[in-house]
Structures are given as structure tokens and as C-alpha cells.
Amino acid sequence: MRRPPDTLFTGAFVWLTLSDLAYFMGGGALIAVTPFFVTGPLGSGPAAVGLAVGAFSVSTLLLRPLAGRWTDRHGRRPLLIGGAALFGVLVLGHLLVTGLAGLVALRLLLGMAEALYFVAGFAALADLAPPGRAGEALSYNSLALYLGIATGPLIAQGLLALGGFHLVWGGVGLLLGVAALLATRVPETREATAGEVPPTPLIHPAALVPGLGLFAGIAAGSGFLAFASLHAARLGLHLWSTVLALFGIVVVTCRVLFATLPDRVPPLRLAAAALVVSGSGLVLIAVVPEVWSLLVGAVVLAVGSAFLTPTVFAAVFRNVAPSERGSAAATVSVFIDLGLSGGPILLGFVAGVNGLSTAFLAAATLALAGAAVLGFRAMPGTPAPANPGAV
């Protein structure tokens, strides 16, 4: 696909972002409603919530690297469309779930569908970003993710009140169908190459250290998101979806106001600072069990989360050749998967033993450890990988 060299808001970028919006609205609804499905109709406890919420990411650990290599050799578009469509079909499969084992198995399959969509979308986004504007591209594109997190829970709570879990599964399945249709509007973005292309790395070295920091932040944030609704309800906040909506709105606001910042400052230093801010918000939530501290802590956590992923994205893709973007996207997303699955599982285990306040404190510790890793790499004199190709 051809685009003017410095144009970000092309038709392809807009269609990709709209597809992501529909996709993550469905994902946000699932994040909010799954804990109530597990503790309600399935009759299980906090540890089972962590297992069910995190299970979908486990299967992606094997599939994402293969999807990255495939999309580097064959293109982004087939996996983008197919992943969204398959995800929608599997969401409708919730209509048949009657026990925890069935839900965990279904979410493992959902992880496979997510791997296809997410890797292809990440690679396409890197293709569409003008040189030196990868962080800005992700900042704007990721508005879809956080608008999805903000609005998805509201949709889920409304559908749940109107028609129970069956209506939720049907509504989310419809959103994923819309995401697949919108993805058909995105042309192929992979650059044509002459001759046979050698296989790209399954695990890209440029993404390893930034990915560790991203893992820490994602694990802390996803653990919070998995239990925020339950924590809010236990504190007496009737409109529990407000917490997730507030989190999403703050992230969206920061991404809009500071979209170009990740490309203008040393990205790993900014990422380390973001993790410190995230950890601070989680500490407040952990030590002060009140509704006001939950809301304030969610805002602080959201500010840190707003800057983490774009800065890691900028740090990785400024050191990756165009022909290896799928591999790099897959490696980054493996760390995202580890965080998305590990965070809820870890917090679920800790909550089951010592309660939610201790679980949120454990999440804060994880975020601060990630800040230390990135802060060390960002120190002057620390070796950095050579830049084999511009983004």
C-alpha cells in the first residue's frame, strides 16, 4: 500500500481504528461482566475469576509469534478480518457454557482469535505510521481501546439489566461482527518484497527489555481491571461500571492531549515514570478502602497507563526494520498477553488468600519493579540496540 510519507490520518488508519473500537468495546464488555458470570451463574470465587479472566491470554503465548512470522511473509489483512470474525463466533459460544471448565476452555480459544487480530493490527499500525511517529500513531489508535474499556462495561451493565447474560453475549458477538466488517475496509499494508523473504525471528530481541516493563504495567493494570467492579460493589458503589469508565476516559484524554510526547522524549525514561505513577495509584487503592480513593487511584493509574504502551511501542519500532514489524509486534504482544493473563491470575490468588487490598498492593509492587527495569536500561551509558531500519 502507498501513502504520502508524512500522512498519519489516512483512510486505512481510520478504518483500522474504527475496527479496533468495535473490537475493544466488545472486549471491555467481557472484562466487566465475566467476573459476575463466574461468581454468579457459575458459582465460583475470586481465584476462579482470575483464572477465567486470564485464561484467554495463555494460548496466545504460542500462537502470537507464529502469527507474527506469518503476517510478515503473507500480509496483515487476512488475520485482521479472520481474527475478529472468529472472536465473535466464540463469544456467542458463551451461550452454551454451564461450568467453569467450559468457560476456561472457551476463553483459551478466544485467546487464539485475539492473537490473530492483535498481531495483524499492531503490524498494520506500524506500517501506517509515518517515520518517527510510531508513538503518536499508537496514541491515537489506542483511543479505540480505551474508549472500548470506557463504554464496553456500560453496555454490558445495561444489557445485563435488560436481558441477563444471554443478551450480553449476543450484543458482544454483534460488536465483533461489526469489527470484522470494518476490517474488510483496511487494505493490505505489508510492503511488497522481491523474491523469497527469510523467516523473521519468532522472538524479536529489540522488544525484550521494553517488553518486560510493559508486562509489569499491563499485569498491574489488568489485575486491577479484573477486580475493580467487584471492589467497587463491595465498597457500596452501585454504579460499579463508573470505575472502568473513568479509567478509560482519563486514558483517552491523556492520549489525545499528549499524543506526540512519546516520540519527543527518551521513550524508556517516560515508560519508567509512567510505571511509578501507576504503582502510586494502586498503593492508594490498596491502603485506603473507600470509594473516593478507588476513584482517585483509578485516575492516577490511568495517567500512568496512558503513557506506557505508546512509549514502549515507540522504543521498539524505532529499532526494527519494516520487514520485521510483524515479528516485533508479536513479541511485544506476548508480553502483553503475559500481563493480561498473569495479572488477574496473580491478583486472584492473592485476593483469595489475603483479600483485595493486598492484591492491589501486590500489583503496585509489580509496577514499581517494572519501572526499575526500564529505568536501568534508560540510564546514560546503557547499551541500546542498533537501528536497522526506520519506522
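Small disclaimer: the values here were computed from a predicted structure and weren't measured.

The rules behind the values
Residues numbered from 1 in each chain as written. Predicted model: local features only at pLDDT ≥ 70, side-chain atom pairs only at ≥ 80, totals over all residues. Heavy atoms only, no water. Helix = DSSP H or I, 4+ residues; strand = E, 2+ residues; numbered from the N terminus. Contact = heavy atoms within 4.5 Å. Areas by Shrake-Rupley, 256 points an atom, 1.4 Å probe, with all protein chains shown as cover. Lys, Arg positive; Asp, Glu negative; His and termini not counted. Charge placed at Lys NZ, Arg CZ, Asp CG, Glu CD. Salt bridge = Lys/Arg side-chain N within 4 Å of Asp/Glu carboxyl O. Buried < 20%, exposed > 50% of the residue type's maximum accessible area, 1.4 Å probe, protein only. Phe/Tyr/Trp six-rings, centres within 6.5 Å; stacked < 30°, edge-to-face > 60°. Expected span 1.5 Å × (residues − 1). Polar contact = N/O pair within 3.5 Å; in protein donor to acceptor, adjacent residues only side chain to side chain. Patch = residues over 30% accessible without salt bridge, like charges linked within 9 Å, V, L, I, M, F, W, Y side chains within 5 Å. Axes fitted to C-alpha atoms, helices over the stretch in contact; angles between N-to-C directions. Parallel < 35°, antiparallel > 145°, perpendicular 65-115°, else oblique. Left-handed = near helix turned anticlockwise from the far one by under 90°. pLDDT = per-residue confidence, 0-100. Arc of directions from axis to C-beta.

Q: Residues and numbers for the overall build of the chain, please.
A: Looking only at helices and strands, one finds 14 helices and zero strands in the chain. Scanning the chain from its N terminus toward the C terminus, one meets helices and strands in the order α-α-α-α-α-α-α-α-α-α-α-α-α-α. Projecting the C-alpha coordinates of the chain onto the three principal axes gives extents of approximately 60 × 45 × 35 Å. The contacts in the chain between residues at least 6 apart in sequence include a share of 87% that link residues at least 24 apart. Here the chain has roughly 14,400 Å² of accessible surface; of this, 73% comes from carbon and sulfur atoms. In the chain, 18 positive and 13 negative side-chain charges are present, and the distance between their average locations comes to 1 Å.

Q: Tell me about the pattern of salt bridges, residues and numbers included.
A: Under the criterion given, the structure shown has four salt bridges. When the shortest N-O distance is used, the salt bridge between arginine 76 and aspartate 72 registers 3.2 Å. Summarising the burial analysis for this pair, arginine 76 and aspartate 72 share the class buried. Of the charged contacts, one joins arginine 133 and glutamate 136 as a salt bridge, the two residues approaching to 2.8 Å between their closest N and O atoms. Taking the relative accessible area as the measure of exposure, glutamate 136 reaches 9% and is therefore buried.

Q: Before we move on, could you go through the packing of aromatic side chains and cite the residues and values that matter?
A: Inspection of the entire model under this criterion finds 15 aromatic pairs. Consider the rings of tyrosine 23 and phenylalanine 24, whose centres lie 5.1 Å apart with planes at 85°: the pair is edge-to-face. Accessibility assignment for this pair places tyrosine 23 and phenylalanine 24 in one class, buried. Look at phenylalanine 258 and phenylalanine 307: their rings are 5.7 Å apart centre to centre, the planes differ by 55°, and that puts the pair in the tilted class. Placement of the pair is phenylalanine 258 in the loop between helix H9 (241–257) and helix H10 (261–264) and phenylalanine 307 in helix H12 (residues 291–317), with a sequence separation of 49 residues. By relative accessible area, phenylalanine 258 is classed as partly exposed at 39%. The exposure class assigned to phenylalanine 307 is buried, which follows from its relative accessible area of 13%. Joined through ring pairs, the aromatic side chains of Tyr23, Phe24, Phe87 and Tyr117 make up one cluster.

Q: Lay out H12 with the relevant residues and their values.
A: For H12, which comprises 27 residues, the first-to-last C-alpha distance of 40 Å matches the rise-based estimate of 39 Å (1.5 Å per residue) to within 8%. The buried fraction of H12 is high, at 20 of 27 residues.

Q: Which residues make up the environment of serine 293, and what are the values?
A: Here serine 293 is to be found in helix H12. A residue is classified by how much of its surface remains accessible, and serine 293, at 0% relative accessible area, is buried. Along the backbone, serine 293 and glycine 281 are 12 residues apart, and their C-alpha atoms lie at a distance of 8.9 Å. Not counting the four nearest positions on each side in its chain, serine 293 is found in contact with Leu284, Ile285 and Val288. At a separation of 2.3 Å, a polar atom in the side chain of serine 293 contacts the main-chain carbonyl oxygen of valine 288.

Q: Account for a nonpolar patch on the surface, with residues named and values stated.
A: Together, Leu66, Leu202, Ile203 and Leu208 make up a nonpolar patch on the protein surface, roughly 320 Å² of accessible area in all. Relative to the assigned elements, leucine 208 resides in helix H8 (residues 208–234).

Q: Tell me about the packing of helix H1 (residues 11–39) against helix H5 (residues 100–128), residues and numbers included.
A: It is the contact of H1 with H5, at a shortest axis distance of 12 Å, that shows an interaxial angle of 160°. Taken together, H1 and H5 sit at an angle that is classed as roughly antiparallel. Crossing handedness for the pair H1 and H5: left-handed. Contacts from Ala12, Phe13, Leu16, Ser19, Asp20, Tyr23, Phe24, Thr34, Phe37 and Val38 of H1 reach H5 at Leu100, Leu103, Arg107, Glu114, Tyr117, Phe118, Gly121, Ala124, Leu125 and Leu128.

Q: Please provide a residue-by-residue account of the side chain of aspartate 72, values included.
A: Locating aspartate 72 in the fold gives a position in helix H3 (residues 60–74). Separated by 2.8 Å, the side chain of aspartate 72 and the backbone nitrogen of serine 327 make a polar contact. Not counting residues up to four positions away in its chain, the partners in contact with aspartate 72 are Arg190, Thr200, Ser323, Glu324, Arg325, Gly326 and Ser327.

Q: Explain the confidence of the model for the chain to me, and be specific about the residues and the numbers.
A: Residue-level pLDDT values for the chain average 84, and 92% of them are 70 or greater. Below pLDDT 50 for its whole length, residues 381–391 participates in 27 contacts with residues either more than four positions away or in separate chains.

Q: Residues and numbers for helix H4 (residues 77–92), please.
A: Because each turn of an α-helix spans 3.6 residues, side chains separated by three or four positions in sequence point in the same direction. The end-to-end C-alpha separation of H4 is 24 Å, in line with the 22 Å expected for 16 residues at 1.5 Å each. Within the span of H4, buried status applies to Leu79, Leu80, Gly83, Ala84, Phe87, Gly88, Leu90 and Val91. One side of H4 holds all its buried residues, which, seen down the axis, span an arc of 165°. Lining the buried residues of H4 we find H1, H3, H5 and helix H7 (143–183).

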